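Listed here are the chains, written in short residue letters.
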Amino acid sequence: MKPRILVTGGTGYIGSHTVVELQQAGYPVVIIDNLSNSNRAVLDGIEKITGIRPDFVEADCTDIEALKKLFADYPGIKGIINFAASKAVGESIEKPILYYRNNLNTLMNLLEMMGKEEVKGLVFSSSCTVYGEPDHNPVTEDTPIKAATSPYGNTKQISEEIITDVIRSGAPFKSILLRYFNPVGAHPSAEIGELPNGVPQNLVPYITQTAMGIRKELSVFGNDYNTPDGSCIRDFINVVDLAKAHVIAIARMLGDTETPAIEIFNLGTGNGVSVLELIDSFQRSTGVKVPYKIVGRRSGDIEKVWANPDRANNVLGWKADTPLDDTMRSAWAWQCRLRERGVM
Ligand code: UD1
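### Some words on the pairing of strand β1 (residues 4–8)
- For β1, a buried count of four out of five residues is recorded, marking the element as mostly surrounded by other parts of the structure.
- In this view, the connection linking β1 to its parallel neighbour strand β2 (residues 29–33) by way of helix α1 (residues 13–24) has right-handed handedness.

Written out as structure tokens, the structure is:
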């Protein structure tokens with residue numbers, strides 16, 4: 001029997017896909033989530049795919065008493081994957097205290113519990129946002145960190161620093177920091193996927209909702225960037241590919257092999273794809289048109305960033321290899337499932 005893993009934010013978008021991969025790899029999972037940006041029905045989706053309903057605690061990770069109770073109720077947790085965080089860039093500029101409190105207190109509570117409870121490893125969800133607007137692409141893990149442009153981005157930078165300091169102080173556990181590029185798509189079963197509250201801020205949910213007729217038109221934020229077609233370039237990575245890296249990271253920290261106490265990996269495909277190319281891929285692969293118009297730039301957007309994923313490829317033996325068209329089809333299948341269920 002593999003050890004129990006605590007997944008914070010496990011009913012969220014990336015969290016739920018990771019719970020599926022963990023369960024399929026034989027890890028018992030307990031989820032803690034305050035359902036602030038997700039819902040209980042996600043547990044049904046996970047159960048449908050894996051045949052296992054993960055243990056679930058509805059609570060907030062900023063509540064240390066709730067965490068203490070969780071560790072008492074679910075003994076033997078050996079790894080934590082921390083997805084529980086607020087992640088809307090714009091909102092973080094309006095409500096910085098909310099972002100700092102939620103994202104940083106959650107992390108510090110988890111680190112405190114790890115020391116007390118003999119947890120061996122922490123996987124932390126970081127982001128390519130730490131690179132800001134890089135001077136060169138693709139970015140490696142050694143590309144310099146730039147000053148954060150939003151409180152959200154700053155919480156990722158500060159969290160990385162907090163974890164590093166705690167490990168350097170001699171904490172009896174390891175940590176792997178995963179810097180995600182742009183996770184997109186849904187599980188191929190279409191049982192789970194991304195379900196943003198309200199009007200989507202991110203590109204792919206906006207595309208699928210526009211294709212479904214929920215939104216009238218997609219706004220493409222800028223076509224005057226210094227890129228081949230003028231739109232921004234990102235590294236869009238399939239969410240299931242991304243989820244699989246977490247299972248490898250957990251196995252690495254909990255295994256017997258000597259590995260560094262703290263490691264950082266970029267999780268991306270290595271391919272830069274423009275916003276207009278992504279829309280094309282969606283339309284080509286699904287046969288569904290997405291009405292769009294070009295509008296002005298969105299403030300704070302990075303012009304171009306994509307990953308050099310060599311370290312994750314070589315050290316973790318992990319690769320993001322789902323073709324973009326398949327990923328776009330999966331995003332559309334999920335949107336269609338939401339319609340069947342009467343959700344959207
Ligand atoms: C950003 C952060 C990422 C963070 C995420 C959280 C960077 C490089 N990335 O992602 O770390 O986790 O926010 O939300 O800082 N777009 C449109 N129309 C839309 C929506 C988006 O044209 O309606 C364009 C954007 O201008 C951008 C691209 O699509 O060029 C991707 O946008 P989005 O999906 O919001 O992700 P990022 O801003 O890259």
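### Focus: the packing of helix α3 (residues 64–73) against helix α5 (residues 96–117)
- Put simply, α3 and α5 touch, their axes get as near as 10 Å, and they point 35° apart. The handedness of the crossing between α3 and α5 is right-handed. Mapping the contact onto sequence places Ile64, Leu67, Lys68 and Phe71 in α3 and Asn109, Leu110, Glu112, Met113, Lys116 and Glu117 in α5.
- When grouped by side-chain class, the residues that make up the contact of α3 with α5 number five nonpolar, one polar and four charged.

### A word on the site of the ligand
- Ser127, Leu203, Ser219, Arg234 and Asp301 are the nearest of the 22 residues found near the ligand.
- A distance of 3.1 Å is found between an oxygen atom of the ligand and a side-chain nitrogen or oxygen belonging to Asn202.
- Here Phe221 contributes a backbone N or O atom positioned 3.0 Å from an oxygen atom of the ligand.
- When the free accessible area of the ligand is taken as 740 Å², the share hidden by the protein chains comes to 90%.
- Listed by contribution, the elements that provide at least two residues to the shell around the ligand are α7 (203–211) and β8 (218–221).
- The greatest single-element share of the shell around the ligand, amounting to four residues, is contributed by β8.
- Among the residues making up the shell around the ligand, the classes are represented as twelve nonpolar, six polar and four charged.

### Focus: the side chain of Thr259
- Relative to the assigned elements, Thr259 resides in the loop between α8 (239–254) and β11 (262–267).
- Among the polar contacts listed, one links the side chain of Thr259 to the side chain of Lys174, at a separation of 2.7 Å.
- Contact partners of Thr259, with chain neighbours within four places excluded, come to Lys174 and Arg252.

### A few points about the sheet that holds β1
- Pairing is parallel across the open sheet formed by seven strands, whose spatial order is β3-β2-β1-β4-β5-β6-β11. Lying at the two open borders of the sheet, with one neighbouring strand each, are β3 (55–58) and β11. Neighbour-to-neighbour, the strand axes of this sheet turn through a mean angle of 20°, independent of strand direction.
- In this fold helix α6 (residues 151–168) packs onto β5 (121–127), β6 (174–180) and β11, with an angle of close to 150° to the strand it touches most, β5.

Procedures and definitions
The residue count restarts for each chain, going from 1 along the sequence in the order it is written. Predicted model: local features are reported for residues with pLDDT of at least 70 only, side-chain atom pairs are reported and counted for 80 or more only, and whole-chain, interface and lining totals are derived from all residues. Note that water and hydrogens are dropped before the side-chain values are worked out from all heavy atoms of the structure. Think of it in three bands: with a 1.4 Å probe and only protein chains considered, a residue is buried below 20% of the maximum accessible area for its type, exposed above 50%, and partly exposed in between. Each helix is a run of H or I in the DSSP string that is no shorter than four residues. Each strand is a run of E no shorter than two, and both are numbered from the N terminus. Viewed with both strands pointing away, a crossover whose connecting path from the first strand over the helix to the second turns clockwise is right-handed. Simply put, an axis is a line fit to the C-alpha atoms, just over the touching stretch for a helix, and the angle between two N-to-C directions goes from 0 to 180 degrees. Two helices cross in a left-handed way if the nearer one is turned anticlockwise from the farther one by less than a right angle. They cross in a right-handed way if the turn is clockwise. Two residues form a contact once any of their heavy atoms are found within 4.5 Å. Under this grouping Gly is polar, as are all residues other than the nonpolar Ala, Val, Leu, Ile, Met, Phe, Trp, Tyr, Cys and Pro and the charged Asp, Glu, Lys and Arg. Near, as used in this document, describes a residue that has one of its heavy atoms within 4 Å of the molecule or strand being considered. Throughout this description, a polar contact denotes any pair of N or O atoms lying within 3.5 Å of each other; where both atoms belong to protein, one of them has to be capable of donating a hydrogen while the other can accept it, and for residues adjacent in sequence the pair is counted only when both atoms sit in side chains. Note on areas: Shrake-Rupley, 1.4 Å probe, and residue coverage restricted to the protein chains presented here. For two strands to pair, DSSP has to find at least two bridges joining them.

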